[in-house]
Amino acid sequence: MTTATQSPAAAGQKGFTAGKYLSFQLSKEEYGIAILKVREIIGMVDVTPLPRTPDFVRGVINLRGRIIPVMDLRRKFGMAPAEFTNETCVVVVDVGRDADSTFRVGCIVDTVSEVLSIAAEHFEATPRCTNAAGDYIAGLAKLKDRVLILLDIEKVIGDLDPAVMAQGN
Amino acid sequence: MSIASGIESLGGSLERLRREGQQAVADVVQQMRAVEQHAKTASLDQLARVCRVGAETIAALAADEAVFQGSQKAVLEHVEQVVQFASKCAAASLAGTDCSGIVPPPLFTVPDAEEEKHYAETLGMFIGHAIGAFAELEEDILSLESSEKPEETISGIRRTVHTLKAEFGVLNMTGPQTLCHQTETAIDAITENKLQFPVELMLQVVDQFKQFMDRLTRDVKATFGDPEPMLRKLRALIDGAAAAAAEAVDTTLVTMQVQGEFADSLTEFITEARAHLTDAESAMVAFSSDPSGTEHVNLTFRAFHTIKGVAGFLNLTPLVELAHITETLLDGARSLRLVFSQGDIDLVLAAGDMISQMIHSLEGQPGPLRRDWRRLVQKLQAAAAGTEPVAVVTSTPAAPSTPATPALSTAPPSFSAAALAVAAPELAKPPVAANPAPAAATPIFVPPPPPRSAAPAASKPAGESAAEGDHKAARVERTIKVSTTRLDMLVDMVGELVIAQSMVLQDPAIQRLDSQSLARNIGQVGKITRDLQEAAMSLRMVTVKATFQKMARLVRDVAGKAGKKVELAITGEETELDRNVVEQISDPLVHMIRNAIDHGIESPDDRRAKGKRPEGHLSLSAYHQGGSIVIEIKDDGKGLDKARIVKKAVEKGLLPPDSDVGTMTDSEAFNLIFLPGFSTAEKVTDLSGRGVGMDVVRRNIEALRGKIEIESRIGNGTTFRLRLPLTLAIIDGMVVRVGKERYVVPTLSIEQSFRPAPSDLHYLVDRGECVRVRGAVLPVHRLKGIFGQADGLDDTAQGILIVVEVDGQRSCLFVDEILGQQQVVIKSLGMTRDRVAGLSGGAIMTDGRVALILDVGTLVESAMSA
């Protein structure tokens with residue numbers, strides 16, 4: 001049973017919808033983002049550093065005439081830095097409650113793997129062992145041979161909010 | 001025997017009935033009959049009926065002792081009710097008030113066993129239903145407080161109450177029935193007058209019913225309780241509503257409905273009418289300073305006439321009436337029947353304002369108050385007809401000048417009909433005026449004194465001059481309306497095209513190709529692209545005319561309020577600016593003009609004492625200078641007093657107490673007036689003096705990436721110069737490099753740039769790095785340091801210093817090198833809402849990478865505070 005006011009974790013579980021997920025690699029783990037949030041995937045491009053922003057904001061790029069910020073998910077999740085390779089990609093996602101306030105952000109990931117269909121029976125709630133960063137995780141998807149970490153991308157990007165950024169500074 | 005004593009006797013027999021029982025019945029019946037007779041003569045029909053039925057029933061009951069024993073309690077109760085009811089009715093009838101609202105007791109009938117059973121059944125069914133109905137009512141009433149469509153809920157409530165009333169009627173429950181009836185009336189009164197629904201009171205009413213229902217379920221014979229207190233409250237509400245209704249006439253808005261078939265013409269009408277109103281307003285303002293300029297009146301007349309014509313076609317009656325009466329007034333001025341005073345000009349302006357408000361209301365905004373509208377129409381009528389009120393003008397747009405005719409006979413004394421009639425033949429050029437006899441019925445047009453080109457128009461009938469107006473409109477360039485979002489999109493896309501084009505041009509692969517035709521074609525594409533960009537930009541450009549005209553009106557109003565005489569000269573109103581810029585300079589201009597009139601220009605007496613002309617002179621001009629637009633506001637008032645400004649600033653704690661006027665430059669001192677909270681005004685007036693205005697001015701101008709310069713000499717006046725970018729979308733920038741990053745510095749913020757000689761560089765302990773520039777020592781801010789960049793030059797002597805000015809304070813930005821000057825399209829950095837401090841956005845450079853555009857103001861500010 002869910003109540004009207006949900007805790008973030010509960011919202012994450014509730015937020016899970018069976019469907020297609022884009023899977024990508026970050027360090028050794030495999031992650032998934034709901035495909036409906038993904039706008040496009042581009043190869044790594046020149047990033048103009050944006051001063052006075054948290055370090056996970058790599059900077060801004062020119063996405064066909066529109067400037068969008070890009071964030072480094074490795075830095076965001078506190079992982080060891082890695083060289084950019086030919087495999088390095090920017091996953092461009094659209095987040096936001098409504099069409100007026102859509103916020104387009106690029107996420108730098110090691111490599112993009114595939115698009116998977118994840119059904120409700122694959123879904124599993126986040127184990128309790130996770131720390132505060134677990135907020136970013138909507139849950140796990142247990143597939144035949146591996147486990148996919150499903151990201152709540154709204155939460156991850158939500159940190160780009162100026163108020164939160166001021167704290168990060 | 002009066003009715004009062006009859007009731008008294010009945011009361012007496014009631015007492016006997018209590019004591020003696022059946023023995024007193026005959027007496028009671030007799031007394032009731034007596035009261036019935038009195039009631040009949042006093043035409044208290046209800047009372048008479050109650051008494052008659054009661055007496056008959058009691059008599060019937062008394063015939064059988066056993067039956068009477070069983071119903072004695074009911075008889076006593078009923079007689080008691082009759083006595084109460086009768087005394088209320090008598091009192092009301094004596095006071096001469098209506099007693100129909102008094103609840104009669106239920107008719108007393110012989111309880112029939114069969115009927116009683118049936119009644120109990122009906123009642124049982126009713127109770128079940130009614131309890132639900134009342135619960136529903138309560139819910140509905142409560143939901144009203146949060147309902148979005150209260151009208152629907154209220155009408156639902158009303159229906160429910162109505163049904164209940166009927167059901168109570170069937171069950172012969174007069175008390176509840178009356179209360180329902182009164183409630184219904186109250187709801188009607190509320191909806192009719194659009195009053196706030198009295199949730200509290202209605203809940204009380206429902207509560208009373210619910211309690212009654214509660215009792216009824218337990219005891220079929222339960223009584224309703226006295227409905228009178230509730231009835232009184234409801235009556236008060238209804239009376240209040242009636243009073244409010246009288247008042248409501250005053251608070252309703254003027255509303256106009258347009259039939260669906262005209263919806264298309266409506267948009268057109270709104271646009272056109274606005275343009276006409278603007279024209280009319282500026283013409284009227286011009287006329288007020290040049291009363292001989294009859295062409296202004298003609299123009300205004302035509303504007304109102306056209307508005308009236310189209311509004312008439314669209315059936316916008318209130319608008320038509322207002323336009324019509326204004327036209328009549330103007331017609332008086334045109335034909336010189338009326339001497340047009342400043343008051344009349346104010347009236348015409350007010351009419352324009354109201355029409356504009358009414359046009360707003362067509363777009364869903366609240367319209368003007370109906371009483372304001374009526375008041376204005378009355379004033380206009382009075383003005384058009386001298387002082388005598390004229391008959392309410394009907395809205396017949398076809399005959400514009402006919403209703404104006406009565407004005408002739410009531411024209412001001414100096415232009416009485418007789419005087420006109422006599423004067424007419426002498427002045428007579430138009431043939432109509434040559435015949436004095438029908439003068440009262442035919443409008444007389446006298447040519448205005450200065451025979452200008454517009455004069456013939458004045459002597460034409462209104463219809464023709466309107467036709468001329470239409471003709472004039474046909475000469476104007478044809479335009480279409482395009483939504484601004486589409487326009488912005490186009491401009492954005494063209495901006496991208498320009499970038500893409502130069503990316504292609506600079507692509508190494510293209511540059512390696514050695515083809516004449518390709519080079520020519522690429523050159524051609526480049527030219528078209530630039531032309532396209534220019535064309536796209538020009539789409540967003542609008543003239544400052546409308547804004548300047550608003551200022552003309554403002555000058556007139558403010559000068560009048562301040563008791564000063566001010567002449568306004570406007571130049572360069574055809575200058576074009578980006579639409580967004582134009583929209584945003586209006587507020588700063590208002591503040592600056594108010595200040596100029598209130599603080600700058602002296603009173604006529606002071607001016608005479610100083611040997612100036614009593615009329616203050618204010619000029620508002622716009623012109624191009626370099627890549628920007630300059631808007632200049634210049635007054636010939638007392639000028640800014642540097643010493644006084646500094647003194648005030650120290651007093652207000654805006655400057656350290658040891659500040660010395662001598663060391664401050666003019667611009668440093670004058671810039672103090674932009675500080676929030678600064679005001680030299682001794683007292684705060686409704687015009688200015690709160691110390692907010694200039695602060696707002698600077699903020700707005702800086703938000704537009706503009707600059708303000710002040711030039712002032714004591715006694716000679718002050719000039720404010722607003723330097724604004726042509727457009728907000730594109731800026732002229734200096735592209736600089738620090739390490740491998742490029743930044744764009746808006747050219748507008750740059751004073752100069754130079755490579756410093758090592759001997760001019762100093763390091764001041766505690767203050768940081770400084771450089772000597774032409775005698776001044778300026779602080780050096782390293783872009784590299786501010787942005788925490790790892791690469792980039794460290795040796796100041798190797799790089800370039802760019803001198804920028806922020807709030808009158810100069811400082812230097814240190815960069816590696818200057819790459820060149822370029823126009824760039826400003827783009828948002830896409831970081832949600834807020835800007836990053838020191839940056840105003842990003843620009844996509846010719847290689848497709850993003851360069852950050854510096855916001856010099858916040859950049860220097862943050863460097864200072866770091």
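Counting of residues starts from 1 at the beginning of each chain's written sequence and follows it residue by residue. Each chain gets a letter, beginning with A, and each ligand a number, beginning with 1, in the order they are written. In keeping with the predicted nature of the model, local features appear solely for residues at pLDDT of at least 70, side-chain atom pairs appear and are counted solely at 80 or more, and the whole-chain, interface and lining totals rest on all residues. To obtain the side-chain values, all non-hydrogen atoms of the structure were used and water was disregarded.

1. Quick look at the overall build of chain B
The way it works is that DSSP assigns letters per residue, a run of H or I at least four long becomes a helix, a run of E at least two long becomes a strand, and they are numbered from the N terminus. Scanning chain B from terminus to terminus reveals 29 helices and 18 strands. Should any heavy atoms of two residues lie within 4.5 Å, those residues are considered in contact. Considering only intrachain contacts with a sequence separation of at least 6, the fraction spanning at least 24 residues in chain B is 67%. Per-residue and other accessible areas follow the Shrake-Rupley method at a 1.4 Å probe size, with only the shown protein chains counted as cover for residues. Taken as a whole, chain B presents about 42,900 Å² of accessible surface, with 54% of it coming from carbon and sulfur.

2. Regarding the sheet that holds strand β6 (residues 707–713) of chain B
Residues and elements named next belong to chain B. Pairing is mixed across the open sheet formed by 5 strands, whose spatial order is β2-β4-β5-β7-β6. Of all the strands in the sheet, just β2 (566–571) and β6 have a single pairing partner and so form its edges. Adjacent strand axes in the sheet meet at a mean angle of 15 degrees, parallel and antiparallel pairs treated alike. Two strands are counted as paired when DSSP detects at least two bridges linking them. Note: strand β4 (residues 616–625) against strand β5 (residues 628–635), 8 bridges, orientation antiparallel. If you follow Ser 621 over to β5, its bridge partner there is Glu 632. Here the axes come from fitting lines to C-alpha atoms, over the contacting stretch only for helices, and the angles between their N-to-C directions go from 0 to 180 degrees. Of the strands in this sheet, β2, β4 and β5 touch helix α22 (residues 545–562), which is tilted by about 170 degrees from β2. The sheet strands contacting helix α23 (residues 579–600) are β2, β4, β5 and β7 (717–725), and the helix crosses β5 at an angle near 20 degrees.

3. Considering the interface of chain B and chain A
Each partner contributes residues to the interface: chain B has 23 residues there, and chain A has 22 residues. Definition used for salt bridges: Asp or Glu carboxyl oxygen within 4 Å of a side-chain nitrogen of Lys or Arg. Seen at the junction of chain B and chain A, the total is 1 salt bridge. Among the salt bridges present, the one from Arg 849 of chain B reaches Asp 46 of chain A, with a minimum N-O distance of 3.8 Å. By the criterion applied in these results, polar contacts are pairs of N or O atoms within 3.5 Å in which, for protein atoms, one can donate a hydrogen and the other can accept it, and in which residues neighboring in sequence qualify only through two side-chain atoms. Viewed at the interface, chain A and chain B are joined by 4 residue pairs in polar contact (both at pLDDT 80 or more).

4. Considering the packing of aromatic side chains
Where two aromatic rings form a pair, the distance of their centres and the angle of their planes describe that pair. Whether two aromatic rings pair depends on their centres lying within 6.5 Å, for rings of Phe, Tyr and Trp, where Trp uses its six-membered ring; planes under 30 degrees apart make the pair stacked, over 60 edge-to-face, and the rest tilted. Under the counting rule described, the total for this entry stands at 6 aromatic pairs over all chains. Here Phe 77 of chain A and Tyr 136 of chain A contribute two aromatic rings whose centre-to-centre distance is 5.9 Å and whose plane-to-plane angle is 40 degrees, an arrangement assigned as tilted. Placement of Phe 77 of chain A in the loop between α2 (73–76) and β6 (89–95) and of Tyr 136 of chain A in the loop between β9 (123–124) and β10 (137–142) is noted, with a sequence separation of 59 residues between them. Using a relative accessible area of 21% as the deciding quantity, one classes Phe 77 of chain A as partly exposed. Per-residue accessibility, obtained with a 1.4 Å probe over protein chains only, is compared with the maximum for each type, and a residue is labelled buried under 20%, exposed over 50%, and partly exposed between these values. Residue classification places Tyr 136 of chain A among the buried residues on the basis of a relative accessible area of 15%. The interplanar angle of 35 degrees and the centroid separation of 5.3 Å between the aromatic rings of Tyr 743 of chain B and Phe 787 of chain B together place this pair among those described as tilted. Of this pair, Tyr 743 of chain B sits in strand β9 (residues 741–746) while Phe 787 of chain B sits in the loop between α28 (783–786) and β14 (800–806), placing them 44 residues apart in sequence. Comparing Tyr 743 of chain B with Phe 787 of chain B shows no difference in burial state: the two are buried. Whether a charge lies above a ring is judged from NZ of Lys or CZ of Arg, which has to be within 6 Å of the ring centre and within 35 degrees of the ring normal. Over the ring of Phe 56 of chain A we find Lys 76 of chain A; its NZ or CZ atom is 4.1 Å from the centre of that ring.

5. Looking at the pairing of strand β13 (residues 776–782) of chain B
Residues and elements named next belong to chain B. As paired elements, strand β12 (residues 768–773) and β13 share 4 bridges and run antiparallel to each other. Looking across to β13, one finds that Val 771 is bridged to Leu 778. Between β12 and β13, which pair antiparallel and follow one another directly, the connecting turn spans 2 residues, one of which, Arg 774, has a positive phi of 45 degrees. Relative to strand β15 (residues 809–815), β13 runs parallel, the two sharing 3 bridges. Its bridge partner lying in β15, Arg 782 is registered against Phe 814.

6. Side note on the confidence of the model for chain B
In low-pLDDT segments, the atomic positions of the prediction should not be examined closely. All names here are of chain B. The predictor attaches a confidence to each residue, and that confidence, scored 0 to 100, is pLDDT. Here chain B averages 76 in pLDDT, and 82% of its residues register 70 or above. Per-element confidence in chain B is highest for β9, whose mean pLDDT is 92, and lowest for helix α15 (residues 406–409), whose mean pLDDT is 38. Contacts of residues 387–474 to residues separated by more than four positions or lying in other chains number 100 contacts, the stretch itself having pLDDT below 50.

7. What about the pattern of salt bridges?
Per the counting criterion, the structure on display carries 52 salt bridges over all chains. The salt bridge partner of Lys 37 of chain A is Glu 154 of chain A, with a shortest N-O separation of 2.6 Å. With a gap of 117 residues between them, Lys 37 of chain A in the loop between β2 (29–34) and β3 (38–43) and Glu 154 of chain A in helix α3 (residues 153–158) connect regions that are remote in the sequence. Residue class for Lys 37 of chain A comes out partly exposed when judged on its relative accessible area of 27%. Between Arg 39 of chain A and Asp 94 of chain A there is a salt bridge whose closest N-O contact spans 3.9 Å. Residue Arg 39 of chain A is found in strand β3, and its partner Asp 94 of chain A is found in strand β6; the two are separated by 55 residues along the sequence. A relative accessible area of 43% places Arg 39 of chain A in the partly exposed class. Bridged by salt links that share partners, the residues Glu 281, Asp 346, Asp 353, Arg 553, Arg 556 and Asp 557 of chain B form one connected network.

8. Looking at the confidence of the model for chain A
All names here are of chain A. Counting all residues, the mean pLDDT for chain A is 78, and 77% of those residues have values of 70 or more. Per-element averaging of pLDDT across chain A places helix α4 (residues 162–168) at the bottom with 41 and β3 at the top with 92. Note that residues 1–13 has pLDDT below 50 and, in this model, 9 contacts with residues that lie over four places away or in other chains. The model gives residues 162–169 a pLDDT under 50, and that stretch makes 12 contacts with residues more than four places away or in other chains.

9. Topic: helix α14 (residues 370–384) of chain B
All names here are of chain B. With 15 residues, α14 extends 21 Å between its outermost C-alpha atoms, agreeing within 8% with the 21 Å of an ideal straight helix rising 1.5 Å per residue. Of the residues making up α14, those classed as buried are Trp 373, Leu 376, Val 377, Leu 380, Gln 381, Ala 383 and Ala 384. Here the buried residues of α14 occupy an arc of 165 degrees about the axis, which is enough to place them on one side. Working rule for helices: expected span equals 1.5 Å times residues minus one. It is the directions from the helix axis to the C-beta atoms whose arc is reported.

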